[in-house]
Amino acid sequence: MVLHMVTLALSKGRVLRESLPILREAGIFPVEDIFGSRKLMFATNIQHLRLVILRGVDVPTYVQFGAADLGITGKDQLLEHGGEGYYEPLDLKIAPCRLMTAALPFVEVSFDRTVVATKYVNVARRFYAEMGRQTELIKLYGAMELAPILDLSDEIVDIVDTGNTLAAHGLVAKKLIANVSSRLIVNKIAMKTNFRVVDEIINSIRNVVGSDYEAI
Ligand code: PRT
Ligand code: MG
């Protein structure tokens, strides 16, 4: 029987480095060295499974529209994307960190509008709204730590791991928005139309990372 080709989208960077050993233990590996190549698409040892390497922020979009059947990316990216079009069956527990608000110390919480700079504008909008705080959001694509120092914003929403990056810029973490780790996501339609293959991939990864979630 010829099986339909399944595409698994991986996020480049630390999530990729931490995903590959899990996939290998699950019996899935690229047939060439990803890091020694400029290619973004790789065949695997499984004939009907290929890998594509994307920016983490793009993984939910590819999976939402079915361009990739499965994906691995940070929960931060899923929260920002909104979660439409896919299931999230597994927590891989890799690349752990926290989404937090941060600011310069000794700055009073403003009772009128707080200016917040972040690449996570949707996450920030929801979080401050839930706290009943008025915000003006400024979208950035990196170097959020500079924004309060250069008076672009009062606060930032960013990823914190050790806290060293904040400390190096004289900033302090304030509120925890979410604990983050990388998740396996699956296109909802692929889960139905290609159940046998997709379910087998989910199960082989679940056997490596353990299950937090009910089977879907
Ligand atoms: O362009 P983009 O950043 O999306 O991709 P990238 O290729 O640079 O990926 P990479 O390696 O940054 O990985 C991004 C994903 O890893 C995020 O979506 C998170 O799910 C996860 N992750 C885990 C982190 C961190 N830890 C982390 N420490 N992503 C980013 N950081 C950065 C953070 O932005 C901040 O600048 O590290 C700094 C904070 O770290 P500490 O240890 O100084 O607090
Ligand atoms: Mg990065």
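None of the values given here were measured: they were computed from a predicted structure.

Draft legend 1. Here's a closer look at the domain arrangement of the chain. Looking at the chain, the domain boundaries give domain 1 (6–95 + 181–209) and domain 2 (97–178). Considering only the surface of domain 1 that becomes buried against domain 2, D76, L79 and E80 emerge as the three largest contributors, covering 77% of it. For the pair domain 1 and domain 2, the number of links is zero salt bridges. Counting every contact that joins domain 1 to domain 2 gives five residue pairs in polar contact (both at pLDDT 80 or more). Across the side of domain 1 that touches domain 2, the residue classes break down as two nonpolar, one polar and two charged.

Draft legend 2. Summary view of the packing of aromatic side chains. Scanning all chains against the criterion turns up one aromatic pair. Residues F127 and Y128 carry aromatic rings whose centres are separated by 5.8 Å and whose planes lie at 85° to one another, so their mutual orientation is edge-to-face.

Draft legend 3. Region of the structure containing the pairing of strand β11 (residues 182–187). The buried fraction of β11 is high, at six of six residues. Burial along β11 is two-sided: S182, L184 and V186 and R183, I185 and N187, pointing in opposite directions, are all buried. Note that strand β4 (residues 70–74) and β11 share five bridges and pair antiparallel. Across the sheet, residue T73 finds its bridge partner in β11, namely R183. As paired strands, strand β5 (residues 86–91) and β11 are joined by four bridges and run antiparallel to one another. Considered in β11, the bridge of Y87 is made with V186.

Draft legend 4. Seen up close, the site of ligand 1. Every one of the 21 residues lining ligand 1 counts as a neighbour, but D76, D161, T162, G163 and T165 are closest to it. The backbone of R14 places a nitrogen or oxygen atom 2.9 Å from an oxygen atom of ligand 1. Separating an oxygen atom of ligand 1 from a side-chain N or O atom of T165 is a distance of 2.5 Å. Broken down by element, the shell around ligand 1 gets its largest block of residues, three residues, from strand β9 (residues 155–160).

Draft legend 5. Local environment of the sheet that holds β11. Spatial strand order, β2-β3-β1-β4-β11-β5: six strands in an open sheet with mixed pairing. The sheet is open, and its two borders are formed by β2 (41–43) and β5, each paired with just one other strand. If you compare each strand with its neighbour and ignore which way they point, the axes differ by 25° on average. Pairing of β2 with strand β3 (residues 49–54), which is carried by three bridges, proceeds in the antiparallel orientation. When the sheet's bridge partners are listed, A43 is paired in β3 with R50. Set on the sheet, helix α8 (residues 195–209) makes contact with β1 (6–11), β3, β4, β5 and β11; between it and β5 the angle comes to about 25°.

Cut-offs applied
Residues numbered from 1 in each chain as written. Chains lettered and ligands numbered in written order. Predicted model: local features only at pLDDT ≥ 70, side-chain atom pairs only at ≥ 80, totals over all residues. Heavy atoms only, no water. Domains from an automatic or database assignment. Buried area = accessible area lost by both parts, 1.4 Å probe. Salt bridge = Lys/Arg side-chain N within 4 Å of Asp/Glu carboxyl O. Polar contact = N/O pair within 3.5 Å; in protein donor to acceptor, adjacent residues only side chain to side chain. Nonpolar A, V, L, I, M, F, W, Y, C, P; charged D, E, K, R; others polar. Phe/Tyr/Trp six-rings, centres within 6.5 Å; stacked < 30°, edge-to-face > 60°. Buried < 20%, exposed > 50% of the residue type's maximum accessible area, 1.4 Å probe, protein only. Helix = DSSP H or I, 4+ residues; strand = E, 2+ residues; numbered from the N terminus. Pairing = 2+ DSSP bridges. Near = heavy atom within 4 Å. Axes fitted to C-alpha atoms, helices over the stretch in contact; angles between N-to-C directions. Contact = heavy atoms within 4.5 Å.

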